[in-house]
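# Summary of the model geometry
Read off the chains here:
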Amino acid sequence: MTTIDALGDGDTVHSLPEPEAPVLVRREGGGAELLDELGARHLEAAPEDVIALAADGTRAVHARATTTEVLTLDRTASGGADGGLPSLTLDGTPLALDGDLIVLRHCEDGTCRLSGHDLTAPADPLWTLLDAEETRGTDPAGAEVPARLGQAPGLLDAVRTTGVLPSIPLRFDPAQGWVQLDIATGFPVGRILAAPEEECRITTTAPTATALDPLHATPLVLTACSAEDGALTATAFREGEVLWESAPSPPGEWSVRLDGDTVLATGTEAGTDVPGEIVASGQRGDWAAPGGEGVRQASAFTSRIGIDGAAMVVTNDSGQLVAYDTADGTNLWTLPSPPRTPRCEAP
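The sections below set out a description of the structure shown in this document. (Residues numbered from 1 in each chain as written. Predicted model: local features only at pLDDT ≥ 70, side-chain atom pairs only at ≥ 80, totals over all residues. Heavy atoms only, no water.)

## A short note on the overall build of the protein
Of regular secondary structure, the protein possesses two helices and 32 strands. Rg of the C-alpha trace for the protein: 22 Å, near the compact-globule value of 20 Å for 347 residues, within the 12% margin. Taking the principal axes of the C-alpha coordinates as reference, the protein spans close to 80 × 55 × 40 Å. Looking at the protein residue by residue over its 347 residues, the buried ones come to 47%. Counting contacts in the protein only where the partners sit at least 6 residues apart, residues at least 24 apart contribute 38% of the total. Counting only carbon and sulfur atoms, one obtains 51% of the accessible surface of the protein, whose full area is about 17300 Å². Taking the average place of the 21 positive charges on the side chains of the protein and the average place of its 53 negative ones, the gap between the two points comes to 3 Å. (Helix = DSSP H or I, 4+ residues; strand = E, 2+ residues; numbered from the N terminus. Rg over C-alpha atoms; globule rule 2.2 N^0.38 Å. Buried < 20%, exposed > 50% of the residue type's maximum accessible area, 1.4 Å probe, protein only. Contact = heavy atoms within 4.5 Å. Areas by Shrake-Rupley, 256 points an atom, 1.4 Å probe, with all protein chains shown as cover. Lys, Arg positive; Asp, Glu negative; His and termini not counted. Charge placed at Lys NZ, Arg CZ, Asp CG, Glu CD.)

Next comes the structure, spelled out in structure tokens:
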């Protein structure tokens, strides 16, 4: 997923990795456009509403104060009123959407419930369970946040930031902590992801092929938990079970970016005053500088263009633009130096 805040006046563009996936343009003053290869479609919305794409790009959700409208993006689908997008409105706030299955949280008269619905037969929920009145939302994948929680995020804060509704439902309970739910049954999946008293950041990622399983791209859950001294432990879960867990990082003041199958931390190690970056992934147990040994053996950098959980892009002393894997420094691509322009000497 890519988020670009570059249209001016606070407008934001959200896009999925797939080249033919729709693009969502959210306007600061309200409303949005859904763009695909056939053009643009406008959605009326209030500034406080949340509009997001499903992770597979086949649907979008429009969350208002107490209801969620699910819109079908298939141009060949029929059923939309006045030529609009076919849609279905359900009570509650969306937590996850995977194919035809959606999870909603709805509170009424002091009682909160989570429910799963099949969008092809939405009259009766597939499952319903009581939920604690006190809860919180996840963190936005790919965005930098302080490692220590501070104020807990709201249910839709991450979705508003990324423009994408995750496919994995995560539930926070003040007595149990964070658990992953089976979207079809509502049952917990695997172990508790983080205890309620832990200082943890948590997110779900887009389907990711990992070094441990390069042939099967699946959504992951990432956590970055802080000890009292600021040391970080990163953990990746697949289907509720630990895929990998890092050793504790050096103590310090850190911000973290949970992205793909990588956790990137930026900050200052305790006892120093020089800011830096460290990264944890399934390729090693210890935290290390981005790119690790692979980058240390490369040509000297002259500038860095950008970095995320997947890649860091730099210019080197040969004038090339080079991308390296953030975790291990594998060279992903290189653009050659531009041709030199002959100099014109004055007569």
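## Overview of the state of the cysteines
Covalent bonding between the sulfur atoms of two cysteines is what defines a disulfide. The full count for this structure, using the stated rule, is two disulfides. Disulfide partner of C107: C112, at an S-S distance of 2.0 Å. Judged by the torsion about the S-S bond (110 degrees), the C107/C112 disulfide is right-handed. C200 shares a disulfide with C225; S-S distance 2.0 Å. The sign of the S-S torsion, about 105 degrees, decides the handedness of the disulfide formed by C200 and C225: right-handed. In this pair, C200 sits in strand β19 (residues 199–204) while C225 sits in strand β22 (residues 221–226), placing the two residues 25 residues apart along the sequence. Like C225, C200 is buried. (Disulfide = S-S within 2.5 Å.)

## Some thoughts on the pattern of salt bridges
Enumeration according to the criterion identifies 11 salt bridges in this entry. Across the pair E69 and R64 runs a salt bridge whose closest N-O atoms are separated by 3.5 Å. Under the relative-accessibility criterion, R64 is labelled partly exposed at 35%. Residue D131 pairs with R171 through a salt bridge whose shortest N-O separation is 2.9 Å. (Salt bridge = Lys/Arg side-chain N within 4 Å of Asp/Glu carboxyl O.)

## Some words on the sheet that holds β22
Taken together, the four strands give an open sheet; going across it, the order is β19-β22-β23-β24, and neighbouring strands pair in antiparallel fashion. If you trace the sheet from one side to the other, it starts and ends with β19 and β24 (241–245), each paired once. Within this sheet the neighbouring strands show an average axis-to-axis angle of 25 degrees, counted without direction. As judged from the six bridges shared by β22 and strand β23 (residues 232–238), these two strands associate in the antiparallel manner. Across the sheet, residue S226 finds its bridge partner in β23, namely L232. (Pairing = 2+ DSSP bridges. Axes fitted to C-alpha atoms, helices over the stretch in contact; angles between N-to-C directions.)

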